[in-house]
Amino acid sequence: MTRLQTRTAAQARAGVMSAAERFGVMERPELKYTPAVARETAHLYERVRQHIPEIEWPVYAPYVHAINRIKKERGAAILAHNYQTPDIFHCVADIVGDSLQLAREATLVDAEIIVQCGVHFMAETSKLLNPEKTVLIPDVKAGCSLSESITGADVRLLRERYPGVPVVTYVNTSAEVKAETDICCTSSNAVAVCESFASDTVLCIPDEYLAMNVAKQTKKKILTWKGHCEVHERFTADELLAYKEADPTIEIIGHPECHPDVIAVCDYSGSTAGMINYVKDTRPARVLLVTECSMASNVQSEVEGVDFIKPCNLCPHMKRITLPKILDSLLGMTEEVLVDPAIAGRARLAVERMINLKN
């Protein structure tokens with residue numbers, strides 16, 4: 001299992017300053033739902049009204065108010081993945097999107113501190129592309145079953161087994177794994193990345209289902225690894241067919257991390273961004289997003305007249321990120337994400353090759 005690297009005891013002994021030492025620790029504010037807090041967060045509640053009962057908002061609002069104030073004082077930007085809960089996604093985030101979009105946007109944001117509300121590979125990718133910035137993750141235990149399915153040593157063994165075969169690695173992997181690859185890909189450009197090589201055989205790792213779906217769209221021989229996202233692998237074709245049988249008007253939109261049998265049942269398949277754009281552009285009367293269910297809640301807040309059916313598969317790792325943990329991260333400047341310099345350059349190159357690839 002790969003581990004996220006944060007500041008170590010050895011670095012502390014060597015005199016490497018922590019983020020808390022560089023920026024200082026702030027005192028915890030009083031978290032009360034006062035009339036002032038109610039007024040200053042009222043416009044944010046309107047964004048999440050359909051997901052958070054009004055009676056519960058007094059619990060959320062003090063954290064939302066404090067986080068938005070303190071991030072300005074810190075000069076920090078909060079990045080939130082589409083799988084974050086609506087209170088984070090709509091009320092405290094400065095930049096939202098899928099994992100690659102967040103990393104790319106972070107290179108453009110005018111902030112010295114980035115708080116990554118996602119899982120560890122996303123925080124590492126943000127650090128790779130923003131080596132001079134301070135990157136924090138509110139819960140260092142926010143992992144990923146797919147990312148942890150493969151290690152750098154596994155990739156080296158694959159290269160020995162398939163000499164000369166290009167290695168395309170999903171961006172949903174650790175920096176250690178990215179450092180052993182030729183180029184990264186996302187779910188939206190995986191086919192184009194695989195076809196960018198002259199070789200008739202390509203290793204597309206570690207997501208087995210993504211690779212299987214890519215194989216259906218290219219003449220190249222696609223080799224893969226048995227890694228899976230624990231959210232997407234739980235969906236079944238029979239489950240979706242039951243929804244269709246109950247209501248044939250439902251449009252089913254699937255993520256390519258699902259099994260090909262699931263994708264075959266879908267009316268549309270695409271990346272996280274592709275799924276969102278499809279809903280916004282076509283405005284189906286009823287839609288079922290075959291992905292993490294907080295994403296459906298977040299999209300629902302941005303479109304009107306669309307009825308979302310939610311077969312709710314939650315990501316337990318994404319849900320480790322909460323408003324209280326974000327506040328603690330900003331106050332104490334924890335946990336700081338670091339990438340071993342021995343692998344950072346090679347890992348960054350793999351990501352930059354993907355970004356710079358002309359499709």
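Here the structure is a predicted model, which means the values were calculated and not measured.

Caption draft 1: Seen up close, the side chain of Asp 154. By the secondary structure assignment, Asp 154 is in helix α8 (residues 152-161). It turns out Asp 154 is buried and unbridged, and the closest side chain with the opposite charge, Arg 156, is 8.5 Å from it.

Caption draft 2: Molecular detail of the sheet that holds strand β8 (residues 221-223). If you trace the four strands from one edge of the open sheet to the other, you get β6-β5-β7-β8, paired in parallel fashion. Strands with a single pairing partner mark the edges of an open sheet, and in this sheet they are β6 (183-185) and β8. Neighbour-to-neighbour, the strand axes of this sheet turn through a mean angle of 35°, independent of strand direction.

Caption draft 3: Inspection of the UniProt feature "binding site: [4Fe-4S] cluster" (unreviewed entry) in the chain at higher detail. As recorded in UniProt, the sites labelled "binding site: [4Fe-4S] cluster" (unreviewed entry) are Cys 144, Cys 229 and Cys 315. Across 172 residues in sequence, these annotated residues keep their C-alpha atoms within 9.1 Å of one another, forming a single compact spot. Owing to a relative accessible area of 10%, Cys 315 belongs among the buried residues under this scheme. Residues in contact with Cys 315, not counting those within four places in the same chain, are Val 231 and Glu 292.

Caption draft 4: Summary view of the state of the cysteines. What the rule picks out here adds up to zero disulfides. Cys 185 takes part in no disulfide bond, and the closest cysteine sulfur, belonging to Cys 204, lies 4.8 Å away. Not engaged in a disulfide, the cysteine Cys 194 finds its nearest cysteine sulfur in Cys 204; these two sulfurs lie 4.2 Å apart.

Caption draft 5: Local environment of the side chain of Asn 130. On the secondary structure map, Asn 130 appears in the loop between α7 (120-129) and β4 (134-136). For Asn 130, a relative accessible area of 4% translates into the label buried. Among the polar contacts made by the side chain of Asn 130, one reaches the main-chain amide nitrogen of Thr 107 at a distance of 3.2 Å. Among all residues touching Asn 130, those that are not within four sequence positions of it are Ala 103, Ala 106, Thr 107 and Ile 114.

Caption draft 6: Inspection of the pattern of salt bridges at higher detail. Scanning the entire structure with this criterion turns up 18 salt bridges. With its nearest N and O atoms 2.6 Å apart, the salt bridge here joins Arg 28 to Asp 328. Of this pair, Arg 28 sits in the loop between α2 (19-23) and α3 (35-48) while Asp 328 sits in helix α16 (residues 323-332); the two residues are 300 residues apart in sequence, bridging distant segments of the chain. We classify Asp 328 as partly exposed; its relative accessible area is 38%. Lys 325 serves as the salt-bridge partner of Asp 139, at 2.5 Å between the closest nitrogen and oxygen. Of the two residues, Asp 139 is situated in the loop between β4 and α8 and Lys 325 in helix α16; the sequence distance between them amounts to 186 residues. Here Asp 139 falls in the buried class, since its relative accessible area comes to 9%. Relative accessible area serves as the criterion here: at 28%, Lys 325 is assigned to the partly exposed category.

Definitions and limits used
- Residues numbered from 1 in each chain as written.
- Predicted model: local features only at pLDDT ≥ 70, side-chain atom pairs only at ≥ 80, totals over all residues.
- Heavy atoms only, no water.
- Helix = DSSP H or I, 4+ residues; strand = E, 2+ residues; numbered from the N terminus.
- Buried < 20%, exposed > 50% of the residue type's maximum accessible area, 1.4 Å probe, protein only.
- Lys, Arg positive; Asp, Glu negative; His and termini not counted.
- Salt bridge = Lys/Arg side-chain N within 4 Å of Asp/Glu carboxyl O.
- Pairing = 2+ DSSP bridges.
- Axes fitted to C-alpha atoms, helices over the stretch in contact; angles between N-to-C directions.
- UniProt positions renumbered as here; feature names shortened; annotations may be inferred.
- Contact = heavy atoms within 4.5 Å.
- Disulfide = S-S within 2.5 Å.
- Polar contact = N/O pair within 3.5 Å; in protein donor to acceptor, adjacent residues only side chain to side chain.

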